[in-house]
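# A structural walkthrough
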Amino acid sequence: MNMLASYLTLAAVLFCVGLYGVLTKRNAIIVLLSIELMLNAVNLNLVAFSKYGVQPSLTGQIFSLFTMTVAAAEAAVGVAILVAIYRAKTSVNVDEFDELRR
Amino acid sequence: MSSLAEYAWLVPVFPAAAFAALTAMGRGAGRAGAWIGTLASLVSLILSLLIAGQRLSGTAEEYSNHFDWIQVGNTTLPIGFEVTNLTSLMLVVVTLVSFLVNLYSQGYMKDDERISTFFAYVALFSASMLGLVLSYNLLTMYIFWELVGVCSFLLVGFWFRKPEARAAAKKAFIVTRIGDLGLLIAILLLFWYMPNHELDFTNLHNVFGTQTGVISTGITTLIALLIFLGAVGKSGQFPLHVWLPDAMEGPTPISALIHAATMVAAGVFLVARTFDIFHASQAAMDTVAVIGAFTAIFAATIGLAQNDIKRILAYSTVSQLGYMMLALGVGSVSAAMFHLFTHAFFKALLFLGAGSVIHSVHTQDIREMGGLGGRMKITAWTFGIGALALSGIPPLAGFWSKDAVLTAALDGHPVYFVVGVVAAFFTALYMARLFFLVFAGKPRGDAHAHESPAVMTIPLVVLAVLAALAGFVQTPFNGWFGEWLTGEAEQEHASGLVIIVSTAVGLLGVYLGWLIYAKGTVRRDIVSSRMPGVVRLLERKYYVDELYHYVIVKPLEGLGKLLIAFDDYVVDGAVRLAGMSASAIGRLNTRLQSGQVQGYVLTALIGLVILALAVAGRRFW
C-alpha cells in the first residue's frame, strides 16, 4: 500500500505543478505543456491503481494508452491553433487572447 | 276592481327609458334629446296625477306588488313597489317639479353643447327618485337612494371644466356617503333583528308600531339613529350640511330639482316612511327634533350674510329641511310632509327664478344686481310670491305648512317653538334682503337684463300658482290632508297664538328687510359696524368648512401622504431592491466573463474547492 501512496503523491504533485503552470504562465506553449503535465499525472494515477488498486486489472493501463493518444491529438490541435493565433496576433501571450469574450 | 296603482311601476320606467334612449343616441341627439326627456317626464306626470287622483277620490286600498329577487337558503330578498297616499303625493311632487324643470331647462341649457347628456342625467335622476318613492322595502329604497346620489354627483359636476364644480361634486358625494353608510348599517341591523329578515315597510310598521318588545329599545334607538344619519347626509342637516351649498355649482335647474325640491327631501321622506322605528324610541325622536331645530336656525342665520343668490337659497333649503325634521321629531309626520309638499313648490320656484335672473345678468352675486324688477316682470312677480310663501306670509302655501310645523313644535316643547319662530323671522329677513337687493333699487351691474323666454317663465308661473294655493289642502281649520296622509284623524287645533306669532314675525322680517335694503331708513352696516365678529362668523358659515378642513380633511391627507410615502419607499423600495440586486449580480458576472481562459480555469478551480470543502464539511454536521 505504501507504493500506491507514493505514486498518488507524486501524481498529485505533478498535477498541482501542471495546474499552477496553466493558471500562471503567460506563454501559451508553456500552458500547453502544463496541460500535458496534468494529463500525465492522471495517467500515473491510472497505472498506479491498475497495479496496486483494490481490484488490479489491465483496464487502467489501456485507459492510459488511450489518454496518451488523445493527448497527442490534443497537442497537435492545440499547437495548430496556437500557430494560427500567432499569425493573427503576432503574440503567444495568453493575456492578450480574449476572443471568447466577443 | 283594477286600480291604476297597479301600473305605478310605469311611472319611473318612462324617464328610465328616456335615459336609455338618450344614452344610446349620444351627444348628437341635441335639442331632440331634450324633448325626449321632457316628453317622458310629462307622461310620468300624467300617470302620477291619475294615480293620485284615484287615491284622492276613493278609499282605495294600499297597493303593493313584489317579486323575489335573491333567494339564499330560506331567506329571500324581494324587491317591489308600493302605492300609499304618502307615496302617491310624493309621485306627484317629483313628477311635477321634474316636468317643469325639464321644460325650464329647454331654455336655460339651450346653448350648452352637452344638452342631451344633461337631459339624460335628469331623466335618470327622475327615474331613481320615483323608484325611491315607490319602494316597497328598505332594500329597494337603498338601491335608488344610492342612484339619486350618483345623479346628484353627475349633475353637480356637470360643468366639470370648472374646478369648483368638480370639487363640489366630490364633496357632495363624499359627505352624503357618510350618511349612506349609516343607512346601510341600519338596514343590515334590521335584516339581522327583524323576524324572518323582512325589510318591507308594512312589516316594519307591524313590528315597531303595533307590536312592542320584538326588538329591544336599545337596538331600536341605534337603528333609528343610523337611519337618521342617512337622512342627515341626504337632507343636508347639521353637521353634514356642508355639501348642499357647494352643490350650487351645478346648473340652476338642477339646484331646483335635486337640491331643493326632491332629492334633499328624500331624507325627510325616509324618516317619514320608517317613522314607526323612530316613534318606538324617545331618544331618537329627541335627536331628530334637536338636530332639526338647530339646523333650522343655524342655516337661517348663515343665509343672512351670504351674497351668492343661490347660496342664500341653499342655506334656506337646509333651514327648511330642518323645519321638516323638527316636525318629524315632535311626532307630526303630516306637518313634515305638508311642509315638504309646499316647500318643493316654492323653493323650486325660487331656484328657477334665480336661474332666470342668472341667465339674464350672468352673475350670481346679489350685490351686482338690483333694479331687475322693471325689466323682468314675470320673474320678479313669481319670485316675490315664492319669497313671501317661504317667509310664511298668509295666505300663501308656506304660511300654512310652517304653521303646521310650529303648532306641532309647540306641542312638543316650547323651546322648539321659540327656535322655530326665530328661524322664521330670519327666513323672512333674508328673503326680503334677497328680493329687494335683486329686484328693487337701481341697477348696479352693467348687464343688459331681459326677460327670459316663455319656456322658462311658464314653469315659474305654474309654480307660483302652486306656491300660492298649495297650502289650502290643509289649514288649521281643515285637517283633511293630514288625515288622508297618515290615515289617522287629526284633531283640528287652530292655535290662534301660532297663527298670530308666525304672521307677525314673517311680516316683521319682511318689513325690516324693506327698511334696510329698499327704503334705506335703517343703515345696512348697522350690525356689521357694531359687531363685525358676528357678521364675519356668519359670512364664513360658522367656520364649519374650515373646521372640517383642519380636523378631518388635513389629517386624512396627512395619512394619505404617509401611505404614499410607505408605498414609494417601502413597497417600491423592496421592488427596486430586488431589481437592483439582480442587475448587480449580472454586472458582476459580466466582469467574470473576461475572455481570459486562465480566469475561467481559476473560477472552475475555486468552485471545485468549494464543492470539495462542502462535501468534506458534511462529515462534521
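## Digging into the overall build of chain B
In terms of helices and strands, chain B carries 24 helices and two strands. Each principal axis of the C-alpha atoms in chain B carries an extent, and together these give about 110 × 65 × 50 Å. Relative to its 621 residues, chain B shows a buried fraction of 54%. In chain B, of all internal contacts separated by at least 6 residues, the share reaching a separation of at least 24 is 79%. A total accessible area of about 26,400 Å² is found for chain B, and carbon and sulfur atoms account for 68% of it. Charge-centre separation for chain B: the mean point of 37 positive side chains lies 15 Å from the mean point of 36 negative side chains.

## Details of the interface of chain B and chain A
Of the residues lining the interface, ten residues belong to chain B; the matching set on chain A comes to twelve residues. The interface formed by chain B and chain A includes zero salt bridges. Linking chain B with chain A are three residue pairs in polar contact (both at pLDDT 80 or more). Split into classes, the residues belonging to the side of chain B that touches chain A amount to five nonpolar, five polar and no charged.

## What to know about the environment of Leu497(B)
Residue position: Leu497(B) is located in helix H21 (residues 496-519). Distance in space between the C-alpha atoms of Leu497(B) and Arg273(B) is 31 Å, their sequence separation being 224 residues.

## Regarding the packing of helix H4 (residues 115-134) of chain B against helix H11 (residues 265-273) of chain B
Residue and element names in this part refer to chain B. The interhelical angle for the contact between H4 and H11, taken along N-to-C directions, is 15°, at an axis separation of 11 Å. Judged on the interaxial angle alone, H11 and H4 are roughly parallel. Considering the relative orientation of H4 and H11, their crossing is left-handed. Between H4, through Met 129, Leu 132 and Val 133, and H11, the contact on the second element is made entirely by Ala 266, Phe 269 and Arg 273. By residue class, the composition of the contact of H4 with H11 is five nonpolar, no polar and one charged.

## A short note on the confidence of the model for chain B
With 94% of its residues at a pLDDT of 70 or more, chain B has an overall mean of 84. Predicted complex, confidence summary: ipTM 0.84, pTM 0.77.

## Considering a nonpolar patch on the surface
Residues and elements named next belong to chain B. Where nonpolar side chains cluster on the molecular surface, the patch consists of Leu 547, Tyr 550, Val 551, Ile 552, Val 553, Leu 556, Leu 559, Leu 562 and Leu 563 and spans about 900 Å² of accessible area. Along the chain, Ile 552 turns up in helix H23 (residues 544-592). Relative accessible area serves as the criterion here: at 42%, Ile 552 is assigned to the partly exposed category.

## Some details on the packing of aromatic side chains
All names here are of chain B. Taken as a whole, this structure holds 18 aromatic pairs over all chains when the rule is applied. An angle of 75° between the planes, with centres 5.7 Å apart, marks the rings of Phe 435 and Phe 436 as edge-to-face. The class for Phe 436 is buried, based on a relative accessible area of 15%. Taken together, the aromatic side chains of Phe 118, Phe 119, Tyr 121, Phe 158 and Trp 159 make up a single cluster linked through ring pairs. Positioned above the aromatic ring of Phe 158 is the side chain of Arg 114, whose terminal nitrogen or guanidinium carbon lies 4.5 Å from the ring centre. Directly above the aromatic system of Phe 173 lies the positively charged group of Arg 177, at a separation of 4.8 Å from the ring centroid.

## Topic: the pairing of strand E2 (residues 75-83) of chain B
Residue and element names in this part refer to chain B. In terms of strand pairing, strand E1 (residues 63-72) meets E2 through nine bridges, oriented antiparallel. Opposite Ser 64, over in E2, you have Glu 82 as the bridge partner. Taking the residues between adjacent antiparallel strands as the criterion, E1 and E2 are bridged by two residues, where Gly 73 takes a positive phi near 60°.

## Concerning the nonpolar core
For soluble globular proteins, nonpolar side chains are generally found buried alongside one another. The biggest cluster of nonpolar side chains holds 185 residues, and the ones touching the most others in it are Leu190(B) and Leu328(B). With sequence-adjacent residues up to four places away left out, Leu328(B) is seen in contact with Val268(B), Val271(B), Ala272(B), Phe275(B), Met285(B), Val288(B), Val333(B) and Ala336(B). Leu19(A), Val22(A), Ala28(A) and Leu82(A) belong to the second-largest nonpolar core, a separate cluster that totals nine residues.

## A few points about the packing of helix H3 (residues 85-108) of chain B against helix H19 (residues 454-469) of chain B
Residues and elements named next belong to chain B. Closest axis-to-axis distance for the H3/H19 pair is 7 Å, and the angle between their directions is 150°. When the axis of H3 is compared with that of H19, the two are roughly antiparallel. Seen from above, H3 lies across H19 with left-handed handedness. Here Leu 96, Leu 100, Leu 103, Tyr 104, Gln 106, Gly 107 and Tyr 108 of H3 lie close against H19, whose contacting residues are Val 455, Met 456, Pro 459, Val 462, Leu 463 and Leu 466. In terms of residue class, the contact of H3 with H19 is built from eleven nonpolar, two polar and no charged.

## Points about the pattern of salt bridges
Should their charged atoms come close, side chains of opposite charge can pair. Residues and elements named next belong to chain B. A complete count under the given rule lists nine salt bridges over all chains for this structure. Between Asp 246 and Lys 171 there is a salt bridge; the shortest N-O distance is 2.9 Å. With Asp 246 in helix H9 (residues 243-246) and Lys 171 in helix H6 (residues 163-193), this pair connects stretches of sequence that are 75 residues apart. Note that Glu 557 and Lys 554 form a salt bridge whose closest N and O atoms lie 3.9 Å from each other. Of the two residues, Glu 557 and Lys 554 are both situated in helix H23; the distance of three residues between them amounts to about one turn of the helix. According to the relative accessible area criterion, Lys 554 is partly exposed, its value standing at 38%. Here the salt bridges do not stand alone but share partners, grouping Lys 171, Asp 246, Arg 311 and Asp 545 into one network.

## Quick look at unusual backbone geometry
Residue Pro239(B) follows Phe238(B) across a cis peptide bond; omega there is 5°. Here Pro239(B) lies in the loop between helix H8 (217-234) and H9. Of note, the phi angle at Thr90(A) is positive, near 50°, even though the residue is not glycine. Relative to the helices and strands, Thr90(A) is located in the segment after helix H3 (59-89). Overall, the relative accessible area of 59% leaves Thr90(A) in the exposed class.

The rules behind each value
Residues numbered from 1 in each chain as written. Chains lettered and ligands numbered in written order. Predicted model: local features only at pLDDT ≥ 70, side-chain atom pairs only at ≥ 80, totals over all residues. Heavy atoms only, no water. Helix = DSSP H or I, 4+ residues; strand = E, 2+ residues; numbered from the N terminus. Buried < 20%, exposed > 50% of the residue type's maximum accessible area, 1.4 Å probe, protein only. Contact = heavy atoms within 4.5 Å. Areas by Shrake-Rupley, 256 points an atom, 1.4 Å probe, with all protein chains shown as cover. Lys, Arg positive; Asp, Glu negative; His and termini not counted. Charge placed at Lys NZ, Arg CZ, Asp CG, Glu CD. Salt bridge = Lys/Arg side-chain N within 4 Å of Asp/Glu carboxyl O. Polar contact = N/O pair within 3.5 Å; in protein donor to acceptor, adjacent residues only side chain to side chain. Nonpolar A, V, L, I, M, F, W, Y, C, P; charged D, E, K, R; others polar. Axes fitted to C-alpha atoms, helices over the stretch in contact; angles between N-to-C directions. Parallel < 35°, antiparallel > 145°, perpendicular 65-115°, else oblique. Left-handed = near helix turned anticlockwise from the far one by under 90°. pLDDT = per-residue confidence, 0-100. Patch = residues over 30% accessible without salt bridge, like charges linked within 9 Å, V, L, I, M, F, W, Y side chains within 5 Å. Phe/Tyr/Trp six-rings, centres within 6.5 Å; stacked < 30°, edge-to-face > 60°. Lys NZ or Arg CZ within 6 Å of the ring centre and 35° of its normal. Pairing = 2+ DSSP bridges. Core = buried A, V, L, I, M, F, W, Y, C linked by side-chain atoms within 4.5 Å.

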